[in-house]
Amino acid sequence: MHGYHTATYESVSTQRFKLARTDTVRSPCVESNALAKIFDQKNVSMHEKAKLMRGALDKHFQQVRMAAAGQAFDRHLFGLRMIATENGLPTPEIFSDPTYSQSCHFRLSTSQVRSPFAIHLAFGPVVDDGYGIAYLIRDRDILVTVTSFNDCPTTDHDLFAATMEKTLSDLFQLVLALPPPSKI
């Protein structure tokens with residue numbers, strides 16, 4: 001919709017650890033980028049798109065498992081920054097690097113809500129030029145709430161929601177064409 005990939009925050013529960021809450025899955029990856037590049041191309045077969053989608057899904061599930069197991073990096077870096085701050089130590093240089101700052105400007109912040117009921121929840125975007133996406137996956141549908149700031153000239157939550165609805169419909173067609181996941 002905006003023509004570029006952006007830093008994306010997807011929360012993952014780390015509740016298996018005492019006093020833990022969440023960590024971050026950074027959804028954009030080489031595999032999802034490959035799918036995004038060819039997604040709307042008519043000359044690419046459904047089989048090829050489905051193959052790329054399987055690769056993107058496998059990578060995403062791997063990232064979720066790693067984050068849930070405490071193997072993501074965002075909370076570790078947060079801890080490093082807090083230790084430095086609380087002990088009057090110099091902040092490590094990574095935190096002043098422009099690439100690190102850009103990677104933490106989460107224009108897309110998502111969170112799955114778990115409930116057996118049809119409830120609508122929402123949260124605001126975490127940056128001025130971003131979107132907040134709350135979603136609830138149920139057996140036969142997905143409930144989604146999209147938020148953005150009305151005064152931001154580069155966001156449009158109505159257009160985002162419409163684009164997301166079409167994309168999810170297109171993805172559903174791809175899911176129907178997916179080969180079964182590997183048993184390995």
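Look a little higher up for the structure.
Residues numbered from 1 in each chain as written. Predicted model: local features only at pLDDT ≥ 70, side-chain atom pairs only at ≥ 80, totals over all residues. Heavy atoms only, no water.

1. Some remarks on the sheet that holds strand β4 (residues 131–137)
Then, in step 1: Strand order in the open sheet formed by five strands is β2-β1-β3-β4-β5, with mixed pairing between adjacent strands. The open sheet has two free edges, formed respectively by β2 (22–25) and β5 (142–147), since each of these has just one partner strand. Taking the axes of each pair of neighbouring strands and ignoring which way they run, one obtains an average angle of 25° across the sheet.
Then, in step 2: Relative to strand β3 (residues 108–112), strand β1 (residues 8–13) runs parallel, the two being bridged by three bridges. Bridge pairing links threonine 8 to leucine 108 in β3.
Then, in step 3: Against the sheet, helix α2 (residues 46–68) engages β1 and β2, with an angle of about 155° to β2.
Then, in step 4: On top of the sheet, helix α5 (residues 157–177) reaches β3, β4 and β5; it is set at about 155° to β5, its chief contact. (Pairing = 2+ DSSP bridges. Helix = DSSP H or I, 4+ residues; strand = E, 2+ residues; numbered from the N terminus. Axes fitted to C-alpha atoms, helices over the stretch in contact; angles between N-to-C directions. Contact = heavy atoms within 4.5 Å.)

2. Describing α2
Then, in step 1: Taking 1.5 Å of rise per residue, 23 residues should cover 33 Å, and α2 covers 32 Å from first to last C-alpha, within 8% of that figure.
Then, in step 2: Within α2, burial applies to Lys49, Ala50, Met53, Arg54, Ala56, His60, Gln63, Ala67 and Ala68.
Then, in step 3: Lining the buried residues of α2 we find β1, β2, α1 (30–38) and α5.
Then, in step 4: Immediately beyond the C-terminal end of α2, within one or two residues, lies glycine 70, with a positive phi of roughly 80°. (Expected span 1.5 Å × (residues − 1). Buried < 20%, exposed > 50% of the residue type's maximum accessible area, 1.4 Å probe, protein only.)

3. Remarks on the packing of aromatic side chains
Then, in step 1: Within the structure shown, the criterion is met by three aromatic pairs.
Then, in step 2: When the ring of tyrosine 9 is compared with that of phenylalanine 106, the centres are 5.5 Å apart and the planes differ by 70°; the resulting orientation is edge-to-face. Placement of the pair is tyrosine 9 in strand β1 and phenylalanine 106 in the loop between α4 (98–103) and β3, with a sequence separation of 97 residues.
Then, in step 3: On the basis of relative accessible area, phenylalanine 106 is assigned to the buried category, the value being 11%. (Phe/Tyr/Trp six-rings, centres within 6.5 Å; stacked < 30°, edge-to-face > 60°.)

4. Considering the nonpolar core
Across soluble globular proteins, nonpolar side chains show a tendency to be buried alongside one another.
Then, in step 1: Core analysis: the largest hydrophobic core is formed by seven residues, namely Leu35, Ile38, Phe39, Val44, Ala50, Met53 and Leu174.
Then, in step 2: Where this core is concerned, the elements lending two or more residues are α1 and α2.
Then, in step 3: Excluding residues that lie within four positions of it along the chain, phenylalanine 39 makes contacts with Lys49, Thr167, Asp170, Leu171 and Leu174. (Core = buried A, V, L, I, M, F, W, Y, C linked by side-chain atoms within 4.5 Å.)

5. A few points about the side chain of lysine 49
Then, in step 1: Tracing the backbone through its elements, the reader meets lysine 49 in helix α2.
Then, in step 2: Aspartate 40 provides the closest opposite charge to the buried, unpaired lysine 49, separated from it by 6.2 Å. (Lys, Arg positive; Asp, Glu negative; His and termini not counted. Salt bridge = Lys/Arg side-chain N within 4 Å of Asp/Glu carboxyl O.)

Any functional reading would require information that these geometric values do not contain.
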